[in-house]
Amino acid sequence: MAISATITGIGRYVPPQVLTNADLEKMVETTDEWIVERTGIRERHIAPPDWATSDLAVEAAKLALADAGISSHDIDLIIVGTATPDMIFPATACLVQDRIGAKNAGAYDLSAACSSFVYGLAMAYGVITGGLARRVLVIGAETLSRITNWKDRSTCVLFGDSAGAVVVEACPPGEGFLSFFLGADGSGGDLLKLPAGGSRLPASYETVERDLHYIYQNGREVFKFAVKAMPEAIEQVLRRANLTQDEVKWYIPHQANLRIIEAASKRLGEPMEKFIVNIDRYGNTSSASVPVALSEAVDDGRICPGDVVVLVAFGGGFTFGACALRWTGRR
Ligand code: UT7
């Protein structure tokens, strides 16, 4: 390929309100000890009551545009990865397009659950290298608090709200994105889902009474899938880029459970020090978790120009995916 693509700007927005494990102890029968030991989560952030996913996405997008030093008019395409769109339609990406004034951009939502941001980067790479766009804004944004059953201790301790955004632009080959791997296993669809509100089970009094508008998951089965899927995605993406694990400086995994990240590190024989982890502060923020962790690690100087970084995610669907890149830094 004569050109590649790279991240030229990055931003994140995490709402200020914090919900701690101690707060949850007052809401359901749980303990800080159980949550920390089983998940690694200590607190999570919750969006203000009148905020929706697009509001978080807009804040992250503005920061990414400023970081890239471009105007919203320069964006050709906006992709919002989310499992919690403001509405089923119109796409949250269109709401963002209007709010940031990206008058020259197409816009659509991408639904691959927690893998959506990694999938979105692959789509951005494809349209840029295929000549369909010059600059793409890829956003992972979630308000999972809106679909969390706050009476269900098996799920309500896990999730949080946040958004991360990147600007993707063309760059010389060998820099920026080096390879992608995208996978899916739809046979696991029933193990992690939002049962009602779609065309299969439209909203009704009954669906509300039966709590079918909240996240349902079979935690143990999702866990089993995740510990297999993450190392597999990493191995595949490294093979495609012709890279060895030794050449990787940082892994940025989807932050769903610290034990899942530790299992992946063990399976790969890689030290935990190479994995960027912030789940203790944010919980699982689905498609936002990878860009938020990437943004923090860039801002605090852990990720430097030239570093090989692997982003890896898994989620409902099931979906999984990874991206290998050579960090180019801001231009
Ligand atoms: O982004 C996508 C995806 N989601 C995931 O990646 C989730 C993957 N799965 C997980 O992270 C873990 O399965 C969980 C954290 C959800 C659960 O951890 P676990 O070690 O698999 O626990 P478990 O579901 O096997 O439950 C063990 C026990 C049960 O009690 P009994 O039946 O052994 O008496 C649960 O009722 O822990 C109990 N339990 C709790 N106890 C205190 C479940 N949730 C809680 C809680 N506090 N919050």
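Note that this is a predicted model, so its numbers are computed, not measured.

A. Here's a closer look at the packing of helix H8 (residues 219-241) against helix H9 (residues 258-268). At a closest axis distance of 9 Å, the pairing of H8 and H9 adopts a crossing angle of 45 degrees. It follows from the interaxial angle that H8 and H9 lie oblique. Both H8 and H9 take part in a crossing whose hand is right-handed. Here H8 contributes Phe223, Ala226, Val227, Lys228, Met230, Pro231, Ile234 and Glu235 to the contact with H9, which in turn contributes Arg259, Ile260, Ile261, Ala263, Ala264, Arg267 and Leu268. Among the residues making up the contact of H8 with H9, the classes are represented as 11 nonpolar, no polar and four charged.

B. Geometry of the nonpolar core. Core analysis: the largest hydrophobic core is formed by 44 residues, its most contacted members being Leu238, Val310 and Phe314. Counting residues per element, the ones that place at least two in this core are H8, H9, strand S12 (308-315) and strand S13 (319-326). Considering every element that reaches this core, the biggest residue donor is H8, with 11 residues. Built from parts of two domains, this core gets at least three residues from each of domain 1 (4-175) and domain 2 (178-326). Counting 38 residues, the second-largest nonpolar core is a separate cluster that includes Phe117, Ala293, Leu311 and Cys323.

C. Representation of the site of the ligand in the model. Around the ligand, 23 residues are found, and the nearest of them are Thr30, Arg38, Arg220, Asn257 and Asn284. One of the backbone N or O atoms of arginine 153 is found 2.9 Å from a nitrogen atom in the ligand. In the environment of the ligand, an oxygen atom lies 2.5 Å from a nitrogen or oxygen atom belonging to the side chain of arginine 220. Those elements that place two or more of their residues in the shell around the ligand are helix H2 (32-39), helix H6 (153-156), H8 and H9. At four residues, H8 tops the list of elements feeding residues into the shell around the ligand. Looking at side-chain class alone, the shell around the ligand contains 10 nonpolar, eight polar and five charged residues. Viewed by domain, the shell around the ligand spans two of them, domain 1 (4-175) and domain 2 (178-326), each represented by three or more residues.

D. Expanded view of a nonpolar patch on the surface. There is a patch of nonpolar side chains on the surface, built from Tyr108, Met123 and Leu182 and spanning about 220 Å² of accessible area. By secondary structure assignment, the location of tyrosine 108 is in strand S5 (residues 106-110). On the basis of relative accessibility, which here comes to 32%, the residue tyrosine 108 falls in the partly exposed class.

Rules of the game
- Residues numbered from 1 in each chain as written.
- Predicted model: local features only at pLDDT ≥ 70, side-chain atom pairs only at ≥ 80, totals over all residues.
- Heavy atoms only, no water.
- Axes fitted to C-alpha atoms, helices over the stretch in contact; angles between N-to-C directions.
- Helix = DSSP H or I, 4+ residues; strand = E, 2+ residues; numbered from the N terminus.
- Parallel < 35°, antiparallel > 145°, perpendicular 65-115°, else oblique.
- Left-handed = near helix turned anticlockwise from the far one by under 90°.
- Contact = heavy atoms within 4.5 Å.
- Nonpolar A, V, L, I, M, F, W, Y, C, P; charged D, E, K, R; others polar.
- Core = buried A, V, L, I, M, F, W, Y, C linked by side-chain atoms within 4.5 Å.
- Buried < 20%, exposed > 50% of the residue type's maximum accessible area, 1.4 Å probe, protein only.
- Domains from an automatic or database assignment.
- Near = heavy atom within 4 Å.
- Polar contact = N/O pair within 3.5 Å; in protein donor to acceptor, adjacent residues only side chain to side chain.
- Patch = residues over 30% accessible without salt bridge, like charges linked within 9 Å, V, L, I, M, F, W, Y side chains within 5 Å.
- Areas by Shrake-Rupley, 256 points an atom, 1.4 Å probe, with all protein chains shown as cover.
- Salt bridge = Lys/Arg side-chain N within 4 Å of Asp/Glu carboxyl O.

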